[in-house]
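The residues making up each chain are set out below.
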Amino acid sequence: MKISALILISILLFAAVPADSSSLTSWKTDSSDMLRSIQNNSEPPARLTPVHELVPLSKDEGIIRRVKLPEGLKAAALTFDMCELDTSTTGCDMDVINFLRDRRIKATLFMGGKWMRTHSKRVKQIMTEGELFEIGNHNWSHGNCALLSPEGLKAQILWTQAEYELLRQESGVNDIPEVPELFRLPYGRNNKNSLKIIASLGMRVIQWDVAAEAGDNSNPKRAESSAKKVAAMTKPGSILLFHANLVPKGTVNLLREAVNILEAEGYEFVKVSELLRMGEAETVRDGYFSRPGDNYPLDKKFGIDGTGRRTRFTGKPQK
């Protein structure tokens, strides 16, 4: 009887361990993850266009802000922007990434191509967690899609696709998409022409209906208060916007509190691609944060076309 009991306990303990037990090990933060710790590199990627090209969409469907789900489904998508300008670098918020990994929470990470190159080690690690994370395109250096020239916009998108493709090859991971299929507008900005260009490159534009962050959440009490507001704004089919590049600060505090509240309310977190398959996309024609027009002031804040540059980004070598 004692031997049988020991065998039974052993079986139960073995079954309780995930097949990929390495996923329980946190990726330790190092100096290269810190904000602006890596020297800026404004050169183009190793190749300017991806080998794999997506099939153009049959139509420009607009900007997806949320998904209308069938009655009774309580699912939402957590999304994180990871980006930097042409003129500077940012960081990689490993507290956010490790929280998601430790809790086995699915998320969609919209990465800028230049940011991918700056933090290539982290991108390749994230690619090994394809069950949890999907990667979307967030332009090369956060170019504003309402201000970029058609040539500049195409270069911002294609350079990012190419960088992803190179890192995917280096990672040795084959069970993730060959290139990103989802796109997020930097600053949430667009115009009619930019939507047509993005559709012609085969990507769907993903916005959000819950802009979660509203400043620094380093203070736990502020994070708790902010999380309650985030949870109140979240509805079945919501797409939530966070950042994981250490801008703004304290995101993990807000994220943890918001997730705890929403899980207690019965929400399941899924990737954006999964959410889109669960219901009907709700779209708008002009992107914004919380209300139409609230992002227009950003047009003048980050360089001539959102990349931090004083001269236009064209996708051609600078003179």
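Residues numbered from 1 in each chain as written. Predicted model: local features only at pLDDT ≥ 70, side-chain atom pairs only at ≥ 80, totals over all residues. Heavy atoms only, no water.

J.: Hey, could you run me through the overall build of the protein chain in this one?
T.: Secondary structure assignment for the protein chain yields nine helices and 10 strands. Its C-alpha atoms give the protein chain a radius of gyration of 20 Å, within 12% of the compact-globule value 20 Å for 319 residues. Each principal axis of the C-alpha distribution contributes one length, and for the protein chain these read about 80 × 45 × 40 Å. When each of the 319 residues of the protein chain is scored for burial, the buried share is 50%. Of the contacts formed within the protein chain by residues at least 6 apart in sequence, a portion of 83% connects residues at least 24 apart. (Helix = DSSP H or I, 4+ residues; strand = E, 2+ residues; numbered from the N terminus. Rg over C-alpha atoms; globule rule 2.2 N^0.38 Å. Buried < 20%, exposed > 50% of the residue type's maximum accessible area, 1.4 Å probe, protein only. Contact = heavy atoms within 4.5 Å.)

J.: I keep staring at the pattern of salt bridges and nothing clicks. Help me out?
T.: Working definition: two side chains of opposite charge can pair if their charged atoms are close together. Counted by the stated rule, this structure contains 17 salt bridges. Where glutamate 129 meets arginine 104, a salt bridge forms, and the shortest distance between an N and an O atom there is 3.4 Å. Here the residue glutamate 129 occupies a position in the loop between α4 (120-127) and β4 (133-137), and arginine 104 occupies one in the loop between α2 (94-103) and β3 (107-111), the gap between them amounting to 25 residues. A relative accessible area of 5% means that glutamate 129 is categorised as buried. With a relative accessible area of 35%, arginine 104 lands in the partly exposed category. What emerges from the salt-bridge pattern is a single network uniting Asp30, Asp33, Lys121 and Arg122. (Salt bridge = Lys/Arg side-chain N within 4 Å of Asp/Glu carboxyl O.)

J.: It is not clear to me how the confidence of the model for the protein chain should be interpreted in this structure. Could you clarify?
T.: A low pLDDT means the predicted coordinates there should not be read in detail. Here the protein chain shows a mean pLDDT of 92. Residues at 70 or above account for 92%. The element-level mean pLDDT for the protein chain is lowest in helix α1 (residues 2-16), coming to 37, with β3 highest at 99. Confidence over residues 1-23 falls short of pLDDT 50; this stretch has five contacts with residues more than four positions distant or in other chains. (pLDDT = per-residue confidence, 0-100.)

J.: In this structure, what is going on with the side chain of asparagine 253? I would like to understand it.
T.: Inspection of the secondary structure puts asparagine 253 in helix α8 (residues 251-264). Among the polar contacts listed, one links the side chain of asparagine 253 to the backbone oxygen of serine 218, at a separation of 3.3 Å. Contact partners of asparagine 253, with chain neighbours within four places excluded, come to Asn217, Ser218 and Ala223. (Polar contact = N/O pair within 3.5 Å; in protein donor to acceptor, adjacent residues only side chain to side chain.)

J.: Which parts of the structure should I look at to understand the packing of aromatic side chains?
T.: In this description, a pair of aromatic rings is defined by centroid distance and the angle of the planes. Counted under the stated rule, the structure contains five aromatic pairs. Between phenylalanine 80 and phenylalanine 242, the aromatic rings sit 5.3 Å apart at their centres with planes inclined by 25 degrees, giving stacked as the arrangement. Linking phenylalanine 80 in strand β2 (residues 75-82) with phenylalanine 242 in strand β8 (residues 239-243), this pair joins segments that are 162 residues apart in sequence. Classification of phenylalanine 242 by relative accessible area gives buried; the value is 0%. Ring geometry for tryptophan 208 and phenylalanine 289: centres 5.3 Å apart, planes at 45 degrees, overall tilted. Of the two residues, tryptophan 208 is situated in the loop between β6 (204-206) and β7 (210-211) and phenylalanine 289 in the segment after β10 (280-284); the sequence distance between them amounts to 81 residues. The class of tryptophan 208 is buried, set by a relative accessible area of 1%. The exposure class of phenylalanine 289 is partly exposed, given its relative accessible area of 23%. Among the aromatic residues, ring-to-ring pairing joins Trp140, Trp159 and Phe313 into one connected group. Across from the ring centre of tryptophan 27, 3.7 Å away, lies the NZ or CZ of arginine 101, which sits over that ring. (Phe/Tyr/Trp six-rings, centres within 6.5 Å; stacked < 30°, edge-to-face > 60°. Lys NZ or Arg CZ within 6 Å of the ring centre and 35° of its normal.)

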